[in-house]
Amino acid sequence: MGLNELSLKDAMEKLKNKEVKIEDIIDDIFNAYKNDKNSEKPINAYISFDLEQIKREVEAFRKTSDEESLLKGAPIAIKDIINIRGTKTTCASKILADYESPYDATAIAYLKKSGGIPAGKLNMDEFAMGSTNENSSYGIVRNPVNRDKIPGGSSGGAAAAVAGNLAIAALGSDTGGSIRQPASMCGVFGIKPTYGRVSRYGLVAYASSFDQIGPITKTVLDGAILLEAIAGYDVKDSTSAPVETEKYSEYVGQSIKGKKIGIPDEYFGEGLDDEVRKSVENGIKILEEAGAEVKKINLKYTKYAIATYYIIATAEASSNLARFDGIRYGTRLIKTEDLDRLYRENRSRGFGDEVKRRILLGTFTLSSGYYDAYYLKAQKVRTLIREDFRKAFDEVDLIATPVSPKVAWDIGSMMDDPLQMYLADIYTVPVNLAGLPAASVPCGKTTEGLPVGLQLIAYHFNEADIFRAATIVEEGAK
Amino acid sequence: MNYEAVIGLEVHVQLNTKSKTFCSCSTEFGERPNSHTCPVCLGLPGALPVLNREALRKGILAGLALNCEIAKYSVFARKNYFYPDLPKAYQISQYEYPLNKNGFVIIKDDNGNDKKIGITRAHLEEDAGKLIHDEDPKGPSYVDLNRCGTPLLEIVSEPDIRTPGEAVRYLNAIKEIMQYIGVSECNMEKGELRVDVNISIRPVGSKEFGIKHEIKNMNSFANVKRALEYEIKRQIKVLRAGGSLKQETRLFDQSKNATVPMRTKEEAHDYRYFPDPDLVPVILTDEEISSLKEELPELPEPRRKRFVKEYGLTEYDAENLCSSKKLADYFENAVKGYSNPKKIANWILSEMIKVMKSQQVDIDSFLVKPDMLRELFEIIDSGEITGKIAKEVFLDMAKTGKKASEIVKEKGLKQVADTSVLEKVIDEVIKENPKVVDDIKGGKNKAFGFLVGQVMKKTKGKANPGLVNKILKQKLGV
């Protein structure tokens, strides 16, 4: 078996026992990457895989690491929205095609301190806006389980790389479901931590009050280990939580006897695909059989979540992306002496359609005369949605739901209907609105063999219960 | 029809913190372009702001000194617009919830009476960078971001100002206060203080506001006065001729001593303000605020009043001494334990300032320290030296930093009051100037002064003038 097929935990073991060298694993990954490029329907998970730069990271690791490092030099693939010094960070956009990061994101610094080697920048929907990885200027990403299907998005490259053994483990980002949804569609594990758990310094911002970096991995244990490596307070991020970080791997394998699991009516209504429903219900049964108590709950403001998300997130995005003008960095796509024209042309040519759509939407909702009716109102509804969850978590420890109403659909089949695509985010966006931690764990497959994920949501900073429950589901669904 | 002007001033004060508002880059002025920058103030993708505590502290001190209510809850907001000197394409400022509001300063109106000028708000924000245009209008423009991110306090006055004179006195009051509490030197040439003016005119007695005009580009208090004088005349002229005014922004043109309409089409900006999601609200307690209040030094107004009362100075002298905190401090140190503060006040305001000006030094570098000045006066009072000699001694002290007593000793400048010595000199002078003696005896009293002068010349100015007069009169029998 190629070393690219190892789980993170196994790779760490082999590295610790000196059965393999870091370079061996990287070589196997690189070969898999090359083979994929030459295949008929390439997965295309990577935007860049700079072997030279990765080798330099390995050297740096050897100089500074101690034998006790958590990850032992295991290579981790990184979504191309996270700054790694010396790499191109393109966010899958033309406007950043030549941008080289001059600094490391804090999550990367923590990863390196824990002995992880950032290896390769992963494909994604441009600026993290999308659910299918069809919005990339570096080509689409294909689902390894079925190459005609989308891998999900926006961390499509991350989920596909992990599922297709083009990486051992990956870091993605989640603003409205961008870790959980592709993880569910590719049949791997992914967790979005509590807002503020992982530093956002160095994560190119899409929506500042929603974004979080998180692991996408082959197993729940791998996810716990990787989260341990990157979590923690960062003084450079004012929204970083000064909360003690935990040894998440210790929760893997612990019992969930007596834990209460809430099943919200609103997440199992119309629009949910039958086969998805069946798989999810199966996952919930696994939890019950392991001793958890299941009860129905209500999250009555769920139906406003999509509108609320798409108003606030795009408002923040319209402001966050205003810096991309091609003047100081990034790509200058025209030569002109007219300042106005410079802005218009650079940005119109540099951004893809979905990004432009969201910037327009966000600009509108913040504009004079509309701010109160849209942005302000949405913020108030956001508070109601948060309250919904707070009340629910007074009664339960976890909430279990589907991740996506549909499994992976055909590439290209929803591109003409952006609104339809937005509606498919219904189960994931409420989590980001409330800043809660949530994970997707594989709980079954459709008759076509397409993976289904079960979403587990916990209260702020209770990643522990998520790992406990996810391990049970992972076991039971094998 | 008589018109009155209604004027409001918007003053931006640069706070003299060592680092910028949201990052730790140095705020040092005049360095090599773009040498004091980092990912945060460059607005690089992924960078995040962290509030500089010292900027907050200085902002609160300023608010207290301006008699404002300090907000216990204030919020940073993004002001969004595109311009090459604004790397993030938004400025972090404050909008709905400013740090300070509802304050006032007291100035003198045109009749010398106390008048309160209201301060609507004084909020914190970051400065933009600088654009340097090539001499050739077709040439490039250069962006220097050293200044970008420096903390500013935007002070907005109520439209309580009625004349150009009041406007300048208001500016001086603000400058004084900021210097006194040590948050800014308010040097306009260094950009530490900037002014924009809002002015409208209305019939005297009317309660409604006229058409508001904004005036920008005044680089000195004198130019503010000139701009206002011109603008008032211009607007009244238009109205008296039966014309109408429209709301506009005008620039002060120094070469014409006039205001001109802004050429560029200035559409009303929609800044789409919203709370910055990268920063948390600033929460202050009563204790924190009152502890800062105790840190405030005595402010100019109360100090002036105390100088008049305690030291018996005129309002004019008190005002001049208190125009700079350092000068007022110097004065108070110099008169400690001295019985005639008025004498020292006069000396400081005339001799000392003259010498400092000719040396081109500021009070910190001036070699005559307060206790040295006091010693000089004690020597004068004791009769050891004459008033004339004292001026010479003072000059020497300023050049060498030596004490008065040292200099008098070294140069043998002690006053000659020995009558026998004086008599001898006077006899000589009488002998040498027979014609003058005759003139005096003949009734020409003016010639008397000439003889006194000759005695002073022969004694190199050291003769006690009173004694000379007495003895000379005796000898001449006049």
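Residues numbered from 1 in each chain as written. Chains lettered and ligands numbered in written order. Predicted model: local features only at pLDDT ≥ 70, side-chain atom pairs only at ≥ 80, totals over all residues. Heavy atoms only, no water.

1. Points about the overall build of chain B
Counting its regular elements, chain B contains 16 helices and 16 strands. For 478 residues, the compact-globule estimate of 2.2 N^0.38 gives 23 Å, and the C-alpha radius of gyration of chain B, at 30 Å, exceeds that figure by more than 25%. Expressed as lengths along the three principal axes of its C-alpha atoms, the size of chain B is roughly 90 × 55 × 50 Å. For chain B, the proportion of its 478 residues judged to be buried stands at 50%. (Helix = DSSP H or I, 4+ residues; strand = E, 2+ residues; numbered from the N terminus. Rg over C-alpha atoms; globule rule 2.2 N^0.38 Å. Buried < 20%, exposed > 50% of the residue type's maximum accessible area, 1.4 Å probe, protein only.)

2. Remarks on the environment of Tyr427 of chain A
Residue and element names in this part refer to chain A. Within the secondary structure, Tyr427 sits in the loop between helix H13 (418–423) and helix H14 (429–434). The class for Tyr427 is buried, based on a relative accessible area of 4%. With 108 residues separating them in the primary sequence, Tyr427 and Ser319 have C-alpha atoms 26 Å apart.

3. So, the side chain of Asp36 of chain A
Structurally, Asp36 of chain A can be placed in helix H2 (residues 22–38). At a separation of 2.9 Å, a polar atom in the side chain of Asp36 of chain A contacts the main-chain amide nitrogen of Asn44 of chain A. (Polar contact = N/O pair within 3.5 Å; in protein donor to acceptor, adjacent residues only side chain to side chain.)

4. Some details on the packing of helix H9 (residues 305–320) of chain A against helix H12 (residues 372–395) of chain A
Residues and elements named next belong to chain A. At their nearest, the axes of H9 and H12 sit 9 Å apart, and the two run at 125° to each other. Comparing their axes, H12 and H9 come out oblique. As H9 runs across H12, the sense of the crossing is left-handed. Across the interface between the two elements, Ala305, Thr308, Ile311, Ile312 and Ala315 from H9 touch Tyr374, Tyr375, Ala378, Gln379, Val381, Arg382 and Ile385 from H12. (Axes fitted to C-alpha atoms, helices over the stretch in contact; angles between N-to-C directions. Parallel < 35°, antiparallel > 145°, perpendicular 65-115°, else oblique. Left-handed = near helix turned anticlockwise from the far one by under 90°. Contact = heavy atoms within 4.5 Å.)

5. Here's the deal with the pairing of strand E6 (residues 100–108) of chain B
All names here are of chain B. The sheet contact formed by strand E2 (residues 69–70) and E6 spans two bridges and is antiparallel. Bridging from a neighbouring strand, Ile70 pairs with Asn100 of E6. Note that E6 and strand E7 (residues 114–126) share eight bridges and pair antiparallel. For Gly103, the partnering residue across the bridge sits in E7 and is Ile119. (Pairing = 2+ DSSP bridges.)

6. A few points about the nonpolar core
Most often, soluble globular proteins keep nonpolar side chains buried together rather than apart. Ranked by internal contacts, the top residues of the largest apolar core, which has 151 residues, are Leu8, Tyr46, Leu111, Phe127, Phe389 and Leu454 of chain A. Broken down by element, this core gets its largest block of residues, nine residues, from H9 of chain A. Counting residues in each nonpolar core, the second largest holds 63 residues, with Ala65, Tyr170, Cys186 and Leu228 of chain B among its members. (Core = buried A, V, L, I, M, F, W, Y, C linked by side-chain atoms within 4.5 Å.)

7. Some words on a nonpolar patch on the surface
A cluster of nonpolar side chains, contributed by Phe364, Tyr370 and Tyr374 of chain A, occupies part of the molecular surface with about 270 Å² of accessible area. Mapped onto the fold, Tyr374 of chain A is located in helix H12. (Patch = residues over 30% accessible without salt bridge, like charges linked within 9 Å, V, L, I, M, F, W, Y side chains within 5 Å. Areas by Shrake-Rupley, 256 points an atom, 1.4 Å probe, with all protein chains shown as cover. Salt bridge = Lys/Arg side-chain N within 4 Å of Asp/Glu carboxyl O.)

8. Quick notes on the side chain of Lys149 of chain A
All names here are of chain A. Within the secondary structure, Lys149 sits in the loop between strand E3 (117–122) and helix H5 (156–163). What makes Lys149 buried here is its relative accessible area of 11%. Setting aside its immediate chain neighbours within four residues, Lys149 contacts Arg142, Asn143, Ala408, Trp409, Asp410, Ile411, Glu448 and Leu450.

9. Here we look at the state of the cysteines
Put plainly, a disulfide is one covalent bond tying together the sulfur atoms of two cysteines. All names here are of chain B. Tallying each qualifying case throughout the model produces zero disulfides over all chains. Note on Cys38: no disulfide assigned, nearest cysteine sulfur contributed by Cys25 at a separation of 3.6 Å. Residue Cys38 is classed as buried on the basis of its relative accessible area of 18%. Lacking any disulfide linkage, Cys148 is separated from the closest cysteine sulfur, that of Cys41, by 6.3 Å. (Disulfide = S-S within 2.5 Å.)

10. A short note on the packing of aromatic side chains
For any pair of aromatic rings, geometry is given as the distance between the ring centres together with the angle between the planes. All names here are of chain A. The final tally for this structure, using the stated rule, is 38 aromatic pairs over all chains. Plain terms: the ring middles of Tyr248 and Phe467 are 5.8 Å apart, the flat faces sit at 45° to each other, and that makes the pair tilted. Of the two residues, Tyr248 sits in the loop between helix H7 (220–230) and strand E7 (260–264) while Phe467 sits in helix H15 (residues 463–477), which places them 219 residues apart along the sequence. Accessibility expressed as a relative area gives 0% for Phe467, which makes it buried. (Phe/Tyr/Trp six-rings, centres within 6.5 Å; stacked < 30°, edge-to-face > 60°.)

11. Points about the environment of Ser323 of chain B
Residues and elements named next belong to chain B. Summarising the element assignment, Ser323 is placed in the loop between helix H7 (315–321) and helix H8 (325–334). The class of Ser323 is partly exposed, set by a relative accessible area of 35%. Sequence-wise, Ser323 and Pro300 are 23 residues apart; in three dimensions their C-alpha atoms are separated by 7.5 Å. Once you skip the residues sitting within four places of it in the chain, Ser323 turns out to touch Glu176 and Gln179.

12. Here we look at the sheet that holds E7 of chain B
Residues and elements named next belong to chain B. If you walk across this open sheet you meet the nine strands as E2-E6-E7-E10-E1-E11-E12-E13-E14, and the pairing is mixed. The sheet is open, and its two edges are formed by E2 and strand E14 (258–261), each paired on a single side. Inspection of the sheet shows strand E13 (residues 248–253) paired to E14 by four bridges, in the antiparallel sense. Among the inter-strand pairings, Phe252 is bridged to a residue of E14, identified as Thr259.

13. Description of helix H10 (residues 339–350) of chain A
Each α-helix turn comprises 3.6 residues. Residues three or four places apart therefore point the same way. Residue and element names in this part refer to chain A. Over its 12 residues, H10 extends 16 Å from the first C-alpha to the last, a length consistent with the 16 Å expected when each residue adds 1.5 Å. All buried positions along H10 are accounted for by Leu342, Tyr343, Asn346, Arg347 and Gly350. All buried residues of H10 lie within an arc of 100° about the axis, which places them on one face of the element. Considering only its buried residues, H10 is in contact with helix H11 (353–366). (Expected span 1.5 Å × (residues − 1). Arc of directions from axis to C-beta.)

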